[in-house]
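# Summary of the model geometry
What follows is each chain in one-letter form.
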Number of protein chains: 2
Amino acid sequence: MSKAKFKFEITHREKNCAARIGVITTPHGTITTPAFIPVATQATVKALTPLQLSEIGFEAVLCNTYHLYLRPGVEIVKKLGKLQQFMAWYKPVFTDSGGFQVFSLNNGLCSIDDEGVTFTSHIDQSKHRFTPEKSMQMQRKLGADLVFAFDQCLDINADRPTTEKALARTHGWAERSLKEFKKINKDKAQALYGIIQGGKFADLREESAKFIAALDFDAIGIGSIFGDPKEESKLLVKHTLLFVPQEKTRHLLGIGSVDDIFTYVELGIDTFDCVLPTRLARVGYVFIRPESGGGISNKYRYRLTNAQFKEDKNPLDKNCKCYVCENFSKAYIRHLFKADELLFYTLTSYHNLAFFQRMMQEIGEAIKKDKYLQLKKKWLK
Amino acid sequence: MSKAKFKFEITHREKNCAARIGVITTPHGTITTPAFIPVATQATVKALTPLQLSEIGFEAVLCNTYHLYLRPGVEIVKKLGKLQQFMAWYKPVFTDSGGFQVFSLNNGLCSIDDEGVTFTSHIDQSKHRFTPEKSMQMQRKLGADLVFAFDQCLDINADRPTTEKALARTHGWAERSLKEFKKINKDKAQALYGIIQGGKFADLREESAKFIAALDFDAIGIGSIFGDPKEESKLLVKHTLLFVPQEKTRHLLGIGSVDDIFTYVELGIDTFDCVLPTRLARVGYVFIRPESGGGISNKYRYRLTNAQFKEDKNPLDKNCKCYVCENFSKAYIRHLFKADELLFYTLTSYHNLAFFQRMMQEIGEAIKKDKYLQLKKKWLK
């Protein structure tokens, strides 16, 4: 069977803003955008089966190369049929480059040079080294459909000299990533995202966007935007996107709060990944829709573990139609938390992800009808 | 809607032994026996959704009254629609009397008198008291279809004077349980199991069987048989069953090893409950069928967490057709364990329960064809 190659098609452009609907085609199927991509760090979206993810409606997941390199090892994943077969997820998979975790999980424990990064494992303190070439090779072995160039991530508050230096390095690594990728991806099984950096400086973001756009990447990622401060982040992304070709799909790395998604879809971002829905689920935070009281002030969520829900017969969100809300009460799920029951993690993670998936579906439907701004207004009040 | 009342029908008797196929009818549906009943201690079979339990094919679960009394409390479960609605399991539910946990979790911390038992919570060391009447009332509030009389559980090695004393108390409590039950169960929503005790003494077991059989219980439970020593336990149950009416369904409390199930089905036991499949799953033990190498010597299981499975592409059991075995490799599930991933508990619990459910189905099919002894021979070699 000859598998489909990577392709991105925009099927509709919102008349009133830069939002668009698109379809990313990969060898393992398609992703309709805008899409939220759940994170499967260690080749599992925590507490959920791939069947449950499919039930919710997800078309792709994102795995972390750094974690899989350390455990179980990329060679083992490759031997076991690459990520799709390994985790029994036969739909599109993203992997990140490993760069972000090297920097974020090894604060002060990694040393960067122009060639690459040497770091200490957060598991057993062993020493390791990543380079752009190695990142491409690892992601190839993992077998993701959609992979990212190796970049240097920065705190958005880094000063100008630090940011300039990191950006120059990121651009050199982008070229090396692309070169290595072309060498090992002759069958075009994978597509490569170039990553735009540039910290908090609009002119550096512009320089980066032009540099990355001029290279032969299949798609564009925007890195080190953590959504805070909100207005500054928005202006940076907006400015950046002026220099990014319309026809390439754009991924905003690590972003996933509700208001951020609305902000960035409006600007023309196609895909997002974030651990927020599942991480918050595991500590007892549950997302709710605007008609159920969710809003910017409460970040669309509440703490289920509070005593007030001890006898609450209602579902987590009375306007949610997911499996969890159709079957279980707040009181039951809170009981599972109090009783240290594993099912708690499954049910809250399922609901929170279903919340995001349904929101993305509504976003898509609104764009199709050129009513995205109305939907955004309803959600962001 | 008028709900079906309790009924037990034997639909086939094995020609060559006392094994039989039956159907227990309850207000929430039927249970085809012989059946293995998974334990949902705190109103959840650990790590699995009720949907997954239904997928596996289970028709009933057993919840522990002691645990639910302490957390979240029987009044709360009642307010939330009783156990079925609380845990979204709309099929038959058993509850035990609370007695076993009072004795087993409060070793030395409970004081028994003829009236009842005072004990200390294993959660917060608070003081509580159970009596036969209270057990019936609690099980009524929980709303189980099938409930058990309050009894005094004993170590099977208890000496004769201790056993005699406990048995006399158990019989008194059986009469009081039945009396209270009849008072609060006028709608016949529930059915009550009397429990036969008597420790390791065949004559006391006989006395108990006759005593319980003579009372107006809907069904018969046999308690404090822990399967060990095997031959002695078997002879005790065999002797006991001589004095139990054929037409009443029989539950063997807490039994669930593979060979024990085969032994006791042959003697005419209809239902079993045990935490073994799920408890072992959570520490990495996986059940395998005889054609995959499972047998008495390895107790039909192996330790998945061993290093030898690091790169093993095979399913947990190559002759198992469950969701887990159809989708995941040993190496992947072992990786989940090593990486502390919650999905590990779900997948191993699912497989182990699917193993037991399929075994019970095969047992039923064999009895139907009067080939139970052949099946038993195949399994117990």
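Residues numbered from 1 in each chain as written. Chains lettered and ligands numbered in written order. Predicted model: local features only at pLDDT ≥ 70, side-chain atom pairs only at ≥ 80, totals over all residues.

## Digging into the overall build of chain A
For clarity, the cut-off: Numbered from the N terminus, helices here are DSSP runs of H or I no shorter than four residues, and strands are runs of E no shorter than two. We compute the radius of gyration over the C-alpha atoms and compare it with the globule rule, which gives 2.2 Å times the number of residues raised to the power 0.38. Working definition of burial: number of other C-beta atoms within 10 Å of the residue's own, with buried at 20 or more, exposed at 12 or fewer, and partly exposed in between, all C-beta atoms being placed from the backbone. Contact between residues is assigned whenever the C-beta positions, reconstructed from backbone atoms, fall within 7 Å.
A tally of regular secondary structure across chain A gives 15 helices and 16 strands. For 381 residues, the compact-globule estimate of 2.2 N^0.38 gives 21 Å, and chain A sits close to it at 20 Å. If you line up chain A on its principal axes, its C-alpha atoms span 60 × 50 × 50 Å. Each of the 381 residues in chain A was classed as buried or not, and the buried ones make up 56%. Relative to all contacts within chain A whose residues are 6 or more apart in sequence, the contacts with residues 24 or more apart total 68%.

## Observations regarding the sheet that holds strand S5 (residues 61-63) of chain B
All names here are of chain B. Test applied: Here a strand pair is declared whenever DSSP counts at least two bridges between the two strands. Each axis is a line fitted through C-alpha atoms, taken for helices only over the stretch in contact, and angles between the N-to-C directions span 0 to 180 degrees.
Pairing is parallel across the open sheet formed by eight strands, whose spatial order is S4-S14-S13-S12-S11-S10-S6-S5. Unpaired on one side and paired on the other, strand S4 (35-38) and S5 mark the two borders of the sheet. Recorded for the sheet is a direction-independent mean angle of 25° between the axes of neighbouring strands. In this structure, strand S11 (residues 191-196) lies alongside strand S12 (residues 219-222), joined through four bridges in parallel fashion.

## Digging into helix H14 (residues 343-368) of chain A
The condition that has to hold: How far a helix is expected to stretch is found by multiplying one less than its residue total by 1.5 Å.
With 26 residues, H14(A) ought to run about 38 Å at 1.5 Å a step, and its terminal C-alpha atoms sit 37 Å apart, in line with that. Summarising burial for H14(A): 21 of the 26 residues are buried, a large majority.

## Points about the sheet that holds strand S2 (residues 20-26) of chain A
Residues and elements named next belong to chain A. Spatially, the three strands line up as an open sheet ordered S1-S2-S3, and their pairing is antiparallel. Among the strands making up the open sheet, the edge pair consists of strand S1 (7-13) and strand S3 (29-33). Put simply, the sheet's adjacent strands are angled 15° from each other on average, direction ignored. As defined by bridge partners, S1 adjoins S2 across six bridges and the pair is classed as antiparallel. Bridged to arginine 13 within S2 is arginine 20.

## Focus on the relation of the copies chain A and chain B
We apply this condition: C-alpha atoms of residues with pLDDT of at least 70 in both copies form the basis for the least-squares superposition of the copies.
For the pair chain A and chain B, the superposition axis carries a translation of 0.0 Å, the fit reaches an RMSD of 0.0 Å, and the rotation angle comes to 180°. The superposition operator between the copies reduces to a two-fold rotation axis. Of the C-alpha atoms belonging to chain A, the one lying closest to the rotation axis is found on A:Leu342, 3.8 Å away. Comparing interface residues between copies, 100% of those in chain A also sit at the interface in chain B, which points to an isologous, same-surface contact.

## Overview of the domain arrangement of chain A
Residues and elements named next belong to chain A. Where we set the bar: Segmentation into domains, and thus their bounds, comes from an automatic or database assignment.
Its domain assignment divides chain A into domain 1 (7-33 + 64-274) and domain 2 (283-364). A separation of 30 Å is found between the C-alpha centroids of domain 1 and domain 2. Across the contact, six residues belong to domain 1 and five residues belong to domain 2. The dominant element in the side of domain 1 that touches domain 2, judged by the number of residues it contributes, is helix H10 (residues 258-267), at three residues.

## Focus: the confidence of the model for chain A
As a reminder of what qualifies: pLDDT: the predictor's confidence for each residue, scored from 0 to 100.
When pLDDT is averaged across chain A, the result is 96; 98% of the residues are at 70 or more. For this predicted complex, the interface confidence reaches an ipTM of 0.97, while the overall pTM sits at 0.97.

## Quick word on helix H9 (residues 230-241) of chain B
All names here are of chain B. Note the threshold: It is the directions from the helix axis to the C-beta atoms that the arc portrays.
For H9, spanning 12 residues, the distance from its first C-alpha to its last is 17 Å, which sits close to the expected 16 Å at 1.5 Å a residue. The complete set of buried residues in H9 reads Ser233, Leu236, Val237, Thr240 and Leu241. Looking straight down H9, one finds that the buried residues subtend no more than 125° of arc, so they occupy a single side.

## What to know about the interface of chain A and chain B
Let me state the cut-off plainly: Nonpolar residues are Ala, Val, Leu, Ile, Met, Phe, Trp, Tyr, Cys and Pro. Charged residues are Asp, Glu, Lys and Arg, and all others, Gly as well, are polar.
Contacts between the two partners involve 30 residues from chain A, matched on the other side by 30 residues from chain B. When residues of the side of chain A that touches chain B are traced back to their parent elements, those giving at least two are helix H3 (74-79), helix H4 (82-87), helix H13 (330-338) and H14 of chain A. Looking at the side of chain A that touches chain B element by element, the count peaks at five residues for H13(A). For the side of chain A that touches chain B, a count of residues per class yields 15 nonpolar, seven polar and eight charged.

## Digging into the packing of H10(A) against helix H15 (residues 372-380) of chain A
Residue and element names in this part refer to chain A. Rules: Just so you know how the angles are binned, under 35 degrees is roughly parallel, over 145 roughly antiparallel, 65 to 115 roughly perpendicular, and the rest oblique. Crossing handedness: left-handed means the near helix sits turned counterclockwise from the far one by under a right angle, and right-handed means the same turn made clockwise.
One can describe the packing of H10 onto H15 by two numbers: an axis separation of 10 Å at closest approach and a directional angle of 160°. Comparing the axis directions of H10 and H15 gives the class roughly antiparallel. Note that H10 runs across H15; the crossing there is left-handed. Only Tyr372, Lys376, Trp379 and Leu380 of H15 make contact with H10, whose side of the interface consists of Val258, Asp259, Phe262 and Glu266. Classifying every residue of the contact of H10 with H15 by side-chain character gives five nonpolar, no polar and three charged.

## Details of the pairing of strand S8 (residues 117-120) of chain B
Residue and element names in this part refer to chain B. Here S8 shows one buried face, formed by Val117 and Phe119, and one open face, formed by Thr118 and Thr120. Bridge analysis of strand S7 (residues 110-112) against S8 gives three bridges, and the strand direction is antiparallel. Paired with cysteine 110 across the two strands is phenylalanine 119, which belongs to S8. Hairpin connection between S7 and S8: a loop of four residues separates the two successive antiparallel strands. Pairing geometry for S8 and strand S9 (residues 127-130), over four bridges, is antiparallel. Along S9, the bridge assignment pairs valine 117 with phenylalanine 130. Taking the residues that link successive antiparallel strands as the turn, the S8-S9 hairpin has six residues, and the phi of glutamine 125 there is positive, at about 65°.

## Details of the pairing of S3(A)
All names here are of chain A. Both S2 and S3 contribute to a ladder of five bridges, which runs antiparallel. Bridge pairing in S3 links isoleucine 24 to isoleucine 31. Turn length for the S2-S3 hairpin, with the two strands adjacent in sequence and antiparallel, is two residues.

## Describing the packing of helix H8 (residues 202-214) of chain B against H9(B)
Residues and elements named next belong to chain B. Taken N-terminus to C-terminus, the directions of H8 and H9 make an angle of 35°; their axes are 9 Å apart at the nearest point. Viewed along their axes, H8 and H9 form a crossing whose handedness is right-handed. Contacts between H8 and H9 involve Ala202, Arg205, Glu206 and Ala209 on the former and, on the latter, Leu236, His239 and Thr240.

## Regarding the environment of B:His335
All names here are of chain B. By the secondary structure assignment, histidine 335 is in helix H13 (residues 330-338). Histidine 335 gets classed as buried once you count the C-beta atoms within 10 Å, which come to 27. Sequence-wise, histidine 335 and phenylalanine 150 are 185 residues apart; in three dimensions their C-alpha atoms are separated by 44 Å.

## Digging into the environment of A:His351
Among the secondary structure elements, A:His351 is positioned in helix H14. Put simply, A:His351 and A:Leu316 are 35 residues apart on the chain and 8.0 Å apart in space, counted from C-alpha to C-alpha.

## Description of unusual backbone geometry
Cis peptide bonds are those with omega within 30 degrees of zero, and the linkage from A:Arg71 to A:Pro72 qualifies with 10°. Locating A:Pro72 in the fold gives a position in the loop between helix H2 (65-70) and H3. The phi angle at B:Lys299 is positive, at roughly 55°, despite the residue not being glycine. One can find B:Lys299 in the loop between strand S15 (285-287) and strand S16 (301-303). Taking the number of C-beta atoms within 10 Å as the measure of exposure, B:Lys299 has 15 and is therefore partly exposed.

## Comments concerning the environment of A:Arg301
Relative to the helices and strands, A:Arg301 is located in strand S16 (residues 301-303). In contact with A:Arg301, other than residues within four places in its own chain, are A:Leu280, A:Tyr285, A:Val286, A:Phe287, A:Ile288 and A:Gly294.

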